[in-house]
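Fold and geometry: a report
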Amino acid sequence: MEKKVLRQVGSCLLGRGSWDPCSFLWTGRSHMSTAPLVQEATSDVTSSSSVLPFHSIPSTGRNAWFNLFQFWRKNSFQRMHHVMEENFHQLGPIYRENLGTHSSVNIILPQDVARLFQSEGVFPRRMTIDAWATHREMRNHKYGVFLLNGESWRSDRIILNKEVLSMAGVKKFMPFLDEVSADFMSMIKQRLNKNTRGALTVDLYADLFRFTLEASSYVLYGQRLGLLEEHPNAESLRFISAVETMIKTTLPLLYYPHQLMRLLDSSVWNEHMKSWDIIFEQADRCIQNIYQEFCLGQERGYSGIMAELLLQGELPLDSIKANITELMAGGVDTTAMPLLFTLFELARNQSVQRELRDEICKAEAQNPKDLNQLLNLMPLLKGAIKETLRLYPVGITVQRHLTKDTTLHNYHIPSGTLVQVGLYPMGRSSHIFQDPLRYNPNRWMRRDDTNFKALAFGFGSRQCIGRRIAEAEMMLFLMHMLKNFQIDTVCKDDIKTVFGFILMPEKPPLLTFRPI
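The structure reproduced in this document is the subject of the present report. Just so you know, these numbers come straight off a predicted model, no measurement behind them.

With that settled, consider the overall build of the chain. On a plain count of helices and strands, the chain comes out with 19 helices and 13 strands. The buried share among the 516 residues of the chain stands at 57%. Taking as baseline every contact in the chain between residues at least 6 positions apart, the subset at least 24 positions apart corresponds to 75%.

Attention now moves to the packing of helix α11 (residues 267-295) against helix α13 (residues 317-330). For the pair α11 and α13, interaxial distance at closest approach is 10 Å and the crossing angle is 120°. For the element pair α11 / α13, the angle class is oblique. Once α11 is placed against α13, the crossing between them reads as right-handed. Along the contact surface, α11 presents W276, I279, F280, A283, D284, I287 and Y291, while α13 presents L317, K321, T325 and A329. Each residue belonging to the contact of α11 with α13 can be placed in one class, and the counts come to eight nonpolar, one polar and two charged.

Summarising the element assignment, D130 is placed in helix α5 (residues 130-138). The class for D130 is partly exposed, based on a relative accessible area of 43%. As a C-alpha pair, D130 and Q259 span 129 residues in sequence and 9.6 Å in three-dimensional space.

With that out of the way, let us pick up the sheet that holds strand β5 (residues 200-202). Here three strands make up an open sheet; going across it, the order is β5-β13-β10 and the pairing antiparallel. Edge positions in the open sheet fall to β5 and β10 (485-488), since each of these has one partner strand only. Between one strand axis and the next, the sheet turns by 25° as a mean value, whatever way the strands run. Where β10 lies against strand β13 (residues 511-515), four bridges are found, and the strand directions are antiparallel. The residue bridging D488 from the neighbouring strand is T512, located in β13.

This paragraph deals with the pattern of salt bridges. By the definition in use, this model includes 24 salt bridges. Where R191 meets D207, a salt bridge forms, and the shortest distance between an N and an O atom there is 2.9 Å. Pair noted here: R191 is in helix α7 (residues 167-193) and D207 is in helix α8 (residues 205-221), with a separation of 16 residues, a long-range link. Of the residues examined, D207 reaches a relative accessible area of 7% and is grouped as buried.

Turning to the sheet that holds strand β6 (residues 397-401), a few remarks are in order. Read from one edge to the other, the open sheet built from four strands follows the order β3-β4-β9-β6, with strand pairing classed as mixed. In this open sheet, the two strands that pair with only one neighbour each are β3 (94-99) and β6. Going across the sheet, the axis of each strand differs from the next one's by a mean of 30°, ignoring polarity. Inspection of the sheet shows strand β4 (residues 102-107) paired to strand β9 (residues 418-422) by three bridges, in the parallel sense. Looking at the pairing, N106 lines up with Q420 of β9. Strands in contact with helix α3 (residues 80-91) are β3, β4, β6 and β9; relative to β3, the strand with the most contacts, it is inclined by about 135°.

Phi is positive for H409, close to 50°, though the residue is something other than glycine. Position of H409 among the secondary structure elements: in the loop between β7 (406-408) and β8 (411-413).

Turning next to the nonpolar core. Considering soluble globular proteins, one finds that nonpolar side chains tend to be buried as a cluster. Ranked by internal contacts, the top residues of the largest apolar core, which has 133 residues, are F184, I188, Y221, I305, M378, F477 and F513. Not counting residues within four places of it along the chain, the set of residues in contact with F184 comprises L204, D207, L208, F211, L228, F477 and M481. In this structure, Y95, I108, L408 and V421 belong to the second largest nonpolar core, which totals 26 residues.

The next subject is a nonpolar patch on the surface. Together, Y291, F294, L311 and L317 give the surface a local cluster of nonpolar side chains, amounting to about 350 Å² of exposed area. On the secondary structure map, L311 appears in helix α12 (residues 305-312).

Attention shifts here to helix α9 (residues 234-255). With 22 residues, α9 should cover 32 Å at 1.5 Å per step; its first-to-last C-alpha distance of 33 Å lies within 8% of that length. Two or three places before E235, at the opening of α9, N233 has a side-chain oxygen 2.7 Å from that residue's backbone nitrogen.

Conventions used here
Residues numbered from 1 in each chain as written. Predicted model: local features only at pLDDT ≥ 70, side-chain atom pairs only at ≥ 80, totals over all residues. Heavy atoms only, no water. Helix = DSSP H or I, 4+ residues; strand = E, 2+ residues; numbered from the N terminus. Buried < 20%, exposed > 50% of the residue type's maximum accessible area, 1.4 Å probe, protein only. Contact = heavy atoms within 4.5 Å. Axes fitted to C-alpha atoms, helices over the stretch in contact; angles between N-to-C directions. Parallel < 35°, antiparallel > 145°, perpendicular 65-115°, else oblique. Left-handed = near helix turned anticlockwise from the far one by under 90°. Nonpolar A, V, L, I, M, F, W, Y, C, P; charged D, E, K, R; others polar. Pairing = 2+ DSSP bridges. Salt bridge = Lys/Arg side-chain N within 4 Å of Asp/Glu carboxyl O. Core = buried A, V, L, I, M, F, W, Y, C linked by side-chain atoms within 4.5 Å. Patch = residues over 30% accessible without salt bridge, like charges linked within 9 Å, V, L, I, M, F, W, Y side chains within 5 Å. Areas by Shrake-Rupley, 256 points an atom, 1.4 Å probe, with all protein chains shown as cover. Expected span 1.5 Å × (residues − 1). Polar contact = N/O pair within 3.5 Å; in protein donor to acceptor, adjacent residues only side chain to side chain.

Below, the structure is given as structure tokens:
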């Protein structure tokens with residue numbers, strides 16, 4: 001079906017030109033601009049005549065369907081992060097992209113991101129994933145904050161922030177993450193003890209998925225799923241598979257008309273709907289269990305984020321369900337992938353691994369009063385996570401719809417335009433980061449300007465709602481693993497990545513663990 005649709009599109013002339021990386025000037029024939037790449041983000045353009053019109057922005061091609069056909073023909077979806085990097089190199093630090101149903105202006109400079117932040121308004125809007133929204137409407141589910149906009153988004157978000165993002169909320173769920181992290185470390189130790197060679201070489205890809213689902217469930221529902229046991233629950237494994245399918249099928253649905261795919265009974269659409277159904281079924285089971293306990297009035301301590309939201313009574317049950325389900329679905333791949341990339345980078349950067357291990361030992365020696373204080377004594381470990389997300393951002397873009405006319409890089413961008421920040425190209429640009437391909441967590445410890453350079457969780461009031469859960473989860477996991485194991489890898493080459501709505505390794509690396 002997709003082939004027939006794409007073969008019916010017309011042709012277009014692609015914009016020609018090149019970006020001079022030394023002068024940061026667009027030197028193409030038809031979009032001449034002498035605007036410098038680096039400019040003060042907060043400075044206003046003094047003369048309206050110097051601002052260039054929207055149509056002057058360099059473009060990847062005007063015909064959206066021909067562009068999509070070219071993307072399909074070259075199998076470019078899996079290398080979209082590299083395509084974006086190539087586009088910035090060829091077209092300059094700002095360009096327009098039309099791809100099927102998708103239209104955006106893409107930017108890379110932190111200065112331009114700062115101006116975008118200033119323009120996002122009281123009700124910031126990110127890119128809407130229509131396929132997700134359609135599933136909610138067809139199944140009569142409420143939207144969570146990922147899909148909501150306007151006052152509905154703001155009211156839900158304010159309530160959720162207290163339990164999910166505030167430091168008071170983080171302190172309450174951090175012991176749950178610590179418990180699951182310690183259990184994962186024990187699981188690796190058990191496997192290692194069965195090996196007479198005193199070392200364990202393993203592909204941790206599937207294990208990290210199980211860890212992140214176990215941790216997410218415990219934090220959100222106050223329930224352990226038993227995924228770190230030798231024979232995990234089949235329903236939970238089915239959920240993991242559903243999350244992977246949902247993410248895999250989301251990518252094509254961003255660019256193809258999903259209404260047409262529904263009419264043609266496309267396998268991509270059917271798989272997408274089924275995967276979301278399984279995700280909501282898993283959430284229903286967990287919600288029913290906790291709601292029954294809640295209704296029985298059993299005395300209990302802190303029992304996870306959902307229980308706290310129920311006790312507050314500020315959100316209706318269907319809204320709680322929608323938001324918790326989104327958090328659950330988003331907390332598996334998006335945490336497992338950075339952990340895998342971090343372990344790989346530490347395995348091939350032994351000096352960094354030693355520095356982190358020393359920092360952990362020194363922090364524990366100070367006998368901090370709680371886990372939050374302990375993690376605050378580990379700035380280098382936090383820097384290591386930032387460094388991983390710089391090189392391997394889970395989502396390769398951050399998006400906002402402009403709420404007012406804005407000037408970005410001396411171009412007029414009208415209100416309503418979708419603007420995307422290219423995180424993968426930004427993180428690997430030598431004009432933004434010194435020695436960008438080197439894994440160096442210490443770069444985040446310096447006094448260099450890092451504003452709008454660490455954007456893996458987004459920015460502003462619409463930053464990732466699960467940010468604090470993910471950060472605490474990754475830090476505690478790495479703390480336990482580094483305290484107990486020396487991590488090595490035979491392969492020292494750069495890991496090849498593919499894009500499947502999130503960034504992931506083409507082939508998961510083999511890692512070797514030895515007890516310390």
